[in-house]
Every structure is written in structure tokens, then in C-alpha cells.
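The chain contents come next:
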Amino acid sequence: MENLLRMDRIPHIWCPTCGLGTVLTAWVSALEKAGIDPKMTAVVSGIGCTGRAAGYLKVDSLHTTHGRPVAFATGVKLGNPNINVSVISGDGDLIAIGGNHFIHAARKNMDITVICVNNFIYAMTGGQVAPTTPITGYATTSPYGNFEHPFNIPHLAESCGAVYVARWTVLHVRRLVNAITEALLKPGFSVVEVISPCANYYARINRLGTGLDLMKFYHDNSVIKNGEDTRNVAIDFQKPIIVGKFIDRERPTFLDSYNKRLKEVMGDKFKRYEG
Ligand SMILES: Cc1ncc(C[n+]2csc(CCOP(=O)(O)OP(=O)(O)O)c2C)c(N)n1
Ligand code: SF4
């Protein structure tokens, strides 16, 4: 494991009982399990607590601007299609400011893996409401409880065209590692949503106890439903969380479609794009 971490950056900045260390460990374990060469791997993060992930991983990594990791990842993939590209970022980064990049990369079936860490809040900037904050959940900017309808991330990803969609909590470590492994090996846009405790803001503002209490909540309230229709997996405040592998399907990737179309138009003059 240590060979894939930048040990000179440790100790990390994450709070005690934050779920982000588990996400990082799961991604490293998945890369090893998938047998992917770390030298042919890139990780891209945006800004936020989750966004720090890229800085701790000893592969080619980019810590990019807020909301733009999917756009940067697209550039990396198209620059060298042989590189396995992961995005590890927060729900605010990917689904709020970065929402447009997320939906279009899914539509185009860009061959990247997105690990979206959902802690239901903007953590790094002090606990503001996110497009994933459940209705009635409190945030510093929703002092009366959130009243905006949140995104259901698996359903959003599926609707836009993602070929692999799963959700696990950081409590489900083995299943999370398996899901990330499958996602890394899946050609096309794959999304793993990871429900992760933010004790410092989400739990404190909502009086939910410690990070350990949130883990206990996941233990007692996660319902595994592989293959569940993503329309049914929306998350309500402190209600059971449906987890599982929801989508695993085939669609041509962006580059498959590009190569096919240009070959149709240009015939033998066309040379397959290799980066
Ligand atoms: C263009 C821009 N707008 C706003 C910010 C401030 N900002 C930094 S991180 C962040 C939200 C982070 O939330 P999330 O992506 O959910 O990550 P978390 O910290 O919860 O892991 C915001 C709004 C910024 N850095 N850049
Ligand atoms: S503020 Fe929340 S998400 Fe950020 S490191 Fe602390 S516990 Fe983790």
C-alpha cells in the first residue's frame, strides 16, 4: 500500500473519523486488485476535503480547480487513451459546480471512473448546503433545514448514460473495493458513489453524534439491493440507505464512436486514434 501513497505528505489533513482515509485505501486496494499498472494510472481531484486525495496518491495526479476534475480527466484520457483515469472528488465538486461536466462525460461515455464521495455537505468550506443535502437536513446555509430537492446521484448518472453505477458506504469496505475494481476495469463512464461520514460538519450541525455514530447508522440502516432501479435509491434524511451495484451495461465509449464514425467517413485513409 505504501508504495502507492506519497508518505512524505502523511499525516494527512483529514479529521479523526472522517471516511476519506477509507476511500483512499479502497481505491489503492482496487487498483492492486485490478492489476492495473500504477505507471499507466492517473488520478484527478477537484477542490474540497475529498479533493486532497490526488495529493496523497503516488501515481500521476492532478489537484485541479473546483468542479473541473472530470474536464481535466477527459483531457488526460484523450491525450493518452492507454492511461486508466480516475476522478476522486466530493459531491459538491462533482454534482454542483461540476455538474455540467459530469452529465456530459456520462452522455459521451468518456472512459473514466468517477468516485464521488457524498458526505451530504460542502465540508471544506464550513458545512454549506449541497445539491445532495437531504430534505430537512441542516447546513450552515440552511438554518431551518434544507427544502431543496437533492440529486439522486445513481439515477442522475444512469439517466445521462453511465455504464457502471454503484453506491456503497465506507463501512462496506470489501464491497467498495470490489465495486471500484469493477469500475476501473469497465470501459466507459463508471460511477461509484461512496457515502462517507463528515463528523466535523454534517454530523455536528445535524446533532448526529460522532463519525463512529454515523458508521453505526450505516451499519443499522444500509439495505443492499443489487440491481435496484435507480429511481428508487434517493436518500432521505436519516432514513435507510439503499446500496449496491445498480447498473452494469454496455455502450460504445467516446473513442469507440469517434473511431467508428471517422472510419465510415474517411475509409482506409483513417488511422485509428491512439493519442
Ligand atoms: C470556483 C470556486 N468556487 C468555490 C470555491 C470554494 N469551495 C472550495 S471546496 C468547496 C465545496 C467542497 O464540497 P465537496 O465537493 O462536497 O467536498 P468536501 O469538502 O465535502 O469533501 C467550495 C464551494 C472554490 N474553491 N472555487
Ligand atoms: S471536515 Fe468533514 S469531510 Fe472534511 S476532513 Fe473533516 S470530517 Fe472529513
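Above this text you will find the structure in question.
Owing to the predicted nature of the structure, the values given are computational and were not obtained by experimental measurement.

Caption draft 1: Representation of the packing of helix H1 (residues 20-34) against helix H7 (residues 173-185). Close contact between H1 and H7 brings their axes to 8 Å; oriented N to C, the two are set at 55°. The angle between the axes of H1 and H7 places the two elements in the oblique class. Seen from above, H1 lies across H7 with right-handed handedness. Contacts between H1 and H7 involve Thr22, Ala26, Trp27, Ser29, Ala30, Leu31, Lys33 and Ala34 from the former and Val173, Leu176, Val177, Asn178, Ile180, Thr181, Leu184 and Leu185 from the latter. Residues belonging to the contact of H1 with H7 are distributed by class as follows: 11 nonpolar, four polar and one charged.

Caption draft 2: Representation of the site of ligand 1. Around ligand 1 lies a shell of 16 residues, among which Cys49, Thr50, Gly92, Asp93 and Met124 are the nearest. Contacts to ligand 1 include Asp93, whose backbone N or O atom sits 2.6 Å from an oxygen atom. The contact in question runs from an oxygen atom of ligand 1 to an N or O atom on the side chain of Asn119, over 3.0 Å. Here ligand 1, which alone exposes 590 Å², has 73% of that area covered by the protein. Counting residues per element, the shell around ligand 1 draws most heavily on helix H4 (residues 91-97), which supplies four residues. Broken down by class, the residue content of the shell around ligand 1 amounts to seven nonpolar, seven polar and two charged.

Thresholds, definitions, all that
Residues numbered from 1 in each chain as written. Chains lettered and ligands numbered in written order. Predicted model: local features only at pLDDT ≥ 70, side-chain atom pairs only at ≥ 80, totals over all residues. Heavy atoms only, no water. Axes fitted to C-alpha atoms, helices over the stretch in contact; angles between N-to-C directions. Helix = DSSP H or I, 4+ residues; strand = E, 2+ residues; numbered from the N terminus. Parallel < 35°, antiparallel > 145°, perpendicular 65-115°, else oblique. Left-handed = near helix turned anticlockwise from the far one by under 90°. Contact = heavy atoms within 4.5 Å. Nonpolar A, V, L, I, M, F, W, Y, C, P; charged D, E, K, R; others polar. Near = heavy atom within 4 Å. Polar contact = N/O pair within 3.5 Å; in protein donor to acceptor, adjacent residues only side chain to side chain. Areas by Shrake-Rupley, 256 points an atom, 1.4 Å probe, with all protein chains shown as cover.

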